[in-house]
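Structural characterization, general
Spelled out from the first residue to the last, the chains are:
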Amino acid sequence: MAGEVILAEPRGFCAGVDRAIEIVERALAKFGAPIYVRHEIVHNTYVVNDLKAKGAIFIEDLADVPPGATLVFSAHGVPKSVEREAEARGFRVFDATCPLVTKVHVEVAKLRKEGYEFIMIGHKGHPEVEGTMGQLDGGIHLVEDVADVARIQPDQTAKLAVVTQTTLSVDDAADITAAVKARFPAIREPKQQDICYATQNRQDAVKLLSGQVDVVIVVGSPTSSNSNRLREVARKLGTEAYMIDSADELQAAWVQGKARVGVTAGASAPDILVRQVVERLKALGAVAVRKLDGIQEAVKFPLPKGLKLEGAAEVNLEHLR
């Protein structure tokens, strides 16, 4: 290629991811290695490997955590059963669940007490979906697409509410929500949509980017829901799009003969990976790099209590940014 690299704005880390990584970094600084983390703290290979090198041990089963250890719940949230087990085993627990996911958990628990059943729009097997559905012991029905809406059979329809995985495609979720409302016209919707601001902003930025480039490269790991959605958004608009975990995966053939290459990153992908991708594109012949104008995000979430570093240097995440 002999052309231009155009960067989407915003891209990369969101406030929930920043907070989750900082919780693990601070726990390591305060309590020393190892710190145990249930599930990948965020869905990004580079971040997980970086934390492993510092002494974080990622587990799925709490039986793999020794008594008295420090345990961090991932940004995706956990079912109530996991919270109860962690308490019973006596771990020191720090919850890195994204506050926007916690908001959904709180809403579900509150409405359940009022007798509501739920339809959840999300991807089966995703840890966030398992965490939200696991807030209840029943009465929550998962739909992954419009076809699923016709199949579900709630016990009653007088008190029915809809909730959404926070990292879905805004457009896909709107289609499924429309089908849910068509079948259950009286269904209660969230006061604010569940899809998070960062997911929405990154998808909007890709829509803007897609119209100005010949191909879109999304930096993100295969397990990252919001990264996968960015690639889908670009492709739906008719723009070629590929997702890569690192610069090494970028194939020269994708950008050959392309005058403008767009680059974005999922909410769990660190900026260092974007910089490495840009360097690779320069090596392949890109002569200019520019950034689109976009929303400047200023959201910051507070850390859980008990992670203040007395007399110690503050944790620095600049190597990821």
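The structure contained in this document is the topic of the report that follows. Small disclaimer: the values here were computed from a predicted structure and weren't measured.

**Examining the overall build of the protein**
- Tallying secondary structure elements over the protein gives eleven helices and twelve strands in all.
- A compact globule built from 321 residues would reach a C-alpha radius of gyration of about 20 Å, and the protein, at 21 Å, matches this within 12%.
- In the protein, which comprises 321 residues, the share counted as buried stands at 55%.
- Within the protein, counting contacts between residues at least 6 apart in sequence, those at least 24 apart form 76% of the total.
- If you sum the accessible surface of the protein, you get close to 14,100 Å²; carbon and sulfur atoms cover 51% of it.

**Examining the environment of D194**
- On the secondary structure map, D194 appears in the loop between α7 (170–183) and α8 (197–210).
- Setting aside its immediate chain neighbours within four residues, D194 contacts K103, V104, V162, V163, T164 and T166.
- Within the local environment of D194, its side chain forms a polar contact with the backbone nitrogen of T164, the two atoms lying 2.8 Å apart.

**Considering the environment of D245**
- By the secondary structure assignment, D245 is in the loop between β10 (240–244) and α10 (252–255).
- What makes D245 buried here is its relative accessible area of 14%.
- For the pair formed by D245 and S221, sequence separation is 24 residues and the distance between their alpha carbons is 4.8 Å.
- In terms of polar contacts, D245 uses its side chain to reach the side chain of T45, at 2.7 Å.

What counts, and where the lines are drawn
Residues numbered from 1 in each chain as written. Predicted model: local features only at pLDDT ≥ 70, side-chain atom pairs only at ≥ 80, totals over all residues. Heavy atoms only, no water. Helix = DSSP H or I, 4+ residues; strand = E, 2+ residues; numbered from the N terminus. Rg over C-alpha atoms; globule rule 2.2 N^0.38 Å. Buried < 20%, exposed > 50% of the residue type's maximum accessible area, 1.4 Å probe, protein only. Contact = heavy atoms within 4.5 Å. Areas by Shrake-Rupley, 256 points an atom, 1.4 Å probe, with all protein chains shown as cover. Polar contact = N/O pair within 3.5 Å; in protein donor to acceptor, adjacent residues only side chain to side chain.

Take it as geometry only, folks, not as evidence of what the structure does.
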